[in-house]
Amino acid sequence: MSELQETRISVAIEDEMKSSFMDYAMSVIIARALPDVRDGLKPVHRRILVTLNDLGLRPGRAYRKCAKIAGDVSGNYHPHGEAIVYPSLVRMAQDFSLRYPLVEGQGNFGSVDGDPPAAMRYTESRMTAFTEEMLRDLEKETVDFAPNYDETLQEPVVLPSAIPNLVINGSDGIAVGMATKIPPHNLGEVVDGLVALLDDPDLPDGKLIEHIPGPDFPTGAIINGRKGIHDAYLTGRGLIQVRASARIEITKRSGRELESIVVTEIPYQVNKAKLIEKIAALVRNKQIEGIADLRDESDRDGMRIVIELKRDGVSSYILNQLYKQTAMQGTYGVIMLALVNNQPRILPLKSVLGYFIQHRREVIVRRTRYDLRKARERAHILEGLLIALKNIDAVIKLIRASKTPEAARTGLMNKYKITQIQAQAILDMQLRRIAALERQRIEDEYQQLQKTIAELEALLADPQKVLAEVKRETRKVRKDYGDDRRTEVLEQEPNAPTRE
């Protein structure tokens, strides 16, 4: 046995560190931390949805244990462990984290108070109807597939997504040397902006902002001023001031009128329990005076934090102090960073929507080509069946006289000048198809296919028809899933709170 020879290559440690760090950085940027501009998903989220689709966990069907789902995601597509997959799955089911949740959960999936979710063996989930729109037509070769980590399966590199998920659900992520922080928006407003952009690709930014006035957070609250919104939409970066929604309630007790500050909505991603603890600490340390009592009356009907004031407490002053010293008011720093052709780019809103439109055009073209190919293949078979039915007695005689199926197939091909596929379809044809009613059904199906083929060919030949189809499908999404805005956008900082 020959001895193995050792080969050593001298490399400067600075060069090796630089090369290794760049490889690591690009892996984090592309494979973990940043969403794709087309479907708005990071790889782990996309793989969760693909796994739900693989398991058939659609709306209306039975839930499955999250342990099963997380295990399949980790085993089939995302080799980073269930401890990474499950928190991502949980967030996709939280209606206070996503404006339009992509997973429907059953069990304890955490709360706005920061309570942790139950272990994955106790919770169950399935996809939402909203998610079906992101997966629709996946099987029609609408997107590219690539091998999974061990090359045993194929996974989509992006979802067909009829929904502009990056804008409506937003995204948060920290990569190496960069970060993304995209706020959620209202679906109806975003669709209106998309339609306006489809009608006029050169739509001025100001007109686009008229359709999309600002972010729409799942927890509601108030945005103060529009400058930060405009900066974010025009440049991809901006600072948006968000504050809690509060009102003054007056109650009578022992013949006296007492005022209370009632908080009904808090800024996005603020922990309600920690917010209450902070207010209590400020009162205890006498940093805010005039508060008599503090309690959380939130229930399934909504949020309600009651701050009772002392008789000498000035409600407007105390509320301003709360805004100043607690998370009842804060700044949301927008960084609209996403992957475009696997390259991280900071994008203005118009570009984000433009890339989504481009993606939908490609999806529709690829879907139409797939449908056209399938329609032609079916029409080809029906043409063979119609030839056989027109000459049914001779066909039956030829088949009966043949010694083997192969001989019968060859005989049909030679006599009627048909293809092997058509000949095999004739051999596979059931006898009931000879009946007059079945023959008419085949004829009707063939005629309908001819119309379908003509329509699909016309669609592929006209880019304007493709854009019209993008518009039609986008509007349908708005009709099916659109809802009212939750976050109020103010032109300037509000004055004193309202009294009730």
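A short tour of the structure in this document, coming up. (Residues numbered from 1 in each chain as written. Predicted model: local features only at pLDDT ≥ 70, side-chain atom pairs only at ≥ 80, totals over all residues. Heavy atoms only, no water.)

## Focus on the pairing of strand β3 (residues 124-127)
Each regular strand shows side chains that alternate between the opposite faces of the sheet.
Logical step 1: Summarising the sheet, strand β1 (residues 64-65) and β3 pair through 2 bridges and their orientation is antiparallel. If you follow Arg64 over to β3, its bridge partner there is Ser125.
Logical step 2: Bridge analysis of strand β2 (residues 103-106) against β3 gives 4 bridges, and the strand direction is antiparallel. Directly across from Val103, in β3, lies its bridge partner Met127. (Pairing = 2+ DSSP bridges. Helix = DSSP H or I, 4+ residues; strand = E, 2+ residues; numbered from the N terminus.)

## Observations regarding the packing of aromatic side chains
Logical step 1: The full count for this structure, using the stated rule, is 5 aromatic pairs.
Logical step 2: Ring centres 5.5 Å apart and planes at 85 degrees place the aromatic pair Phe130 and Tyr481 in the edge-to-face group. Residue Phe130 is located in helix α5 (residues 129-135), and its partner Tyr481 is located in helix α17 (residues 463-481); the two are separated by 351 residues in the primary sequence.
Logical step 3: Ring centres of Phe217 and Tyr268 lie 5.3 Å apart, and the angle between their planes is 25 degrees; this geometry places the pair in the stacked category. (Phe/Tyr/Trp six-rings, centres within 6.5 Å; stacked < 30°, edge-to-face > 60°.)

## Points about the packing of helix α12 (residues 349-390) against helix α15 (residues 420-428)
Logical step 1: Between α12 and α15, the shortest axis-to-axis distance is 8 Å and the interhelical angle comes to 55 degrees. One way to sum up the angle between α12 and α15 is to call them oblique. Where α12 crosses over α15, the handedness of that crossing is right-handed. Contacts between α12 and α15 involve His380, Ile381, Glu383, Gly384, Leu385 and Ala388 from the first element and Ile421, Gln422, Ala425 and Ile426 from the second.
Logical step 2: Here the contact of α12 with α15 is composed, by residue class, of 6 nonpolar, 3 polar and 1 charged. (Axes fitted to C-alpha atoms, helices over the stretch in contact; angles between N-to-C directions. Parallel < 35°, antiparallel > 145°, perpendicular 65-115°, else oblique. Left-handed = near helix turned anticlockwise from the far one by under 90°. Contact = heavy atoms within 4.5 Å. Nonpolar A, V, L, I, M, F, W, Y, C, P; charged D, E, K, R; others polar.)

## Some remarks on the pattern of salt bridges
Logical step 1: Taken as a whole, this structure holds 39 salt bridges when the rule is applied.
Logical step 2: For Asp137, the salt bridge goes to Arg367, with nearest N and O atoms at 3.0 Å. One end of the pair, Asp137, is in the loop between α5 and β4 (145-147); the other, Arg367, is in helix α12, with 230 residues separating them in the sequence. By the burial criterion, Asp137 is buried, and Arg367 matches it.
Logical step 3: As a salt-bridge pair, Asp144 and Arg366 come within 3.0 Å of each other at their nearest N and O atoms. Taken together, the positions of Asp144 in the loop between α5 and β4 and Arg366 in helix α12 put the pair 222 residues apart, joining distant regions of the chain.
Logical step 4: What you see here is one network of salt bridges that share partners, running through Arg247, Glu249, Asp293, Arg295, Glu297, Arg304 and Glu308. (Salt bridge = Lys/Arg side-chain N within 4 Å of Asp/Glu carboxyl O. Buried < 20%, exposed > 50% of the residue type's maximum accessible area, 1.4 Å probe, protein only.)

## A look at helix α13 (residues 392-401)
Logical step 1: Burial in α13 covers these residues: Ile392, Val395 and Leu398. Projected down its long axis, α13 shows its buried positions confined to an angular sector of 125 degrees, all on one face. Exposed side chains of α13 directed beyond 90 degrees from the buried face belong to Asp393, Lys397, Arg400 and Ala401. (Arc of directions from axis to C-beta.)

## Some words on the sheet that holds β2
Logical step 1: The strand order β1-β3-β2 describes an open sheet built from 3 strands, whose pairing is antiparallel. Edge positions in the sheet fall to β1 and β2, since each has one partner strand and no second.

## A word on the sheet that holds strand β11 (residues 256-265)
Logical step 1: With respect to topology, 4 strands assemble into an open sheet ordered β10-β11-β13-β12, the strand pairing being antiparallel. The open sheet has two edge strands, β10 (245-253) and β12 (291-296), and neither has a second partner. Adjacent strand axes in the sheet meet at a mean angle of 20 degrees when their direction is disregarded.
Logical step 2: Sheet analysis places β10 next to β11, joined by 9 bridges and oriented antiparallel. Looking across to β11, one finds that Ile248 is bridged to Ile261.
Logical step 3: Contacting β12 and β13 (305-309), helix α10 (residues 272-284) runs over the sheet at an angle of about 165 degrees to β12.
Logical step 4: Relative to β11, helix α11 (residues 315-325) is tilted by about 30 degrees, and along the sheet it contacts β10, β11, β12 and β13.

That's the geometry; what it means functionally is another story.
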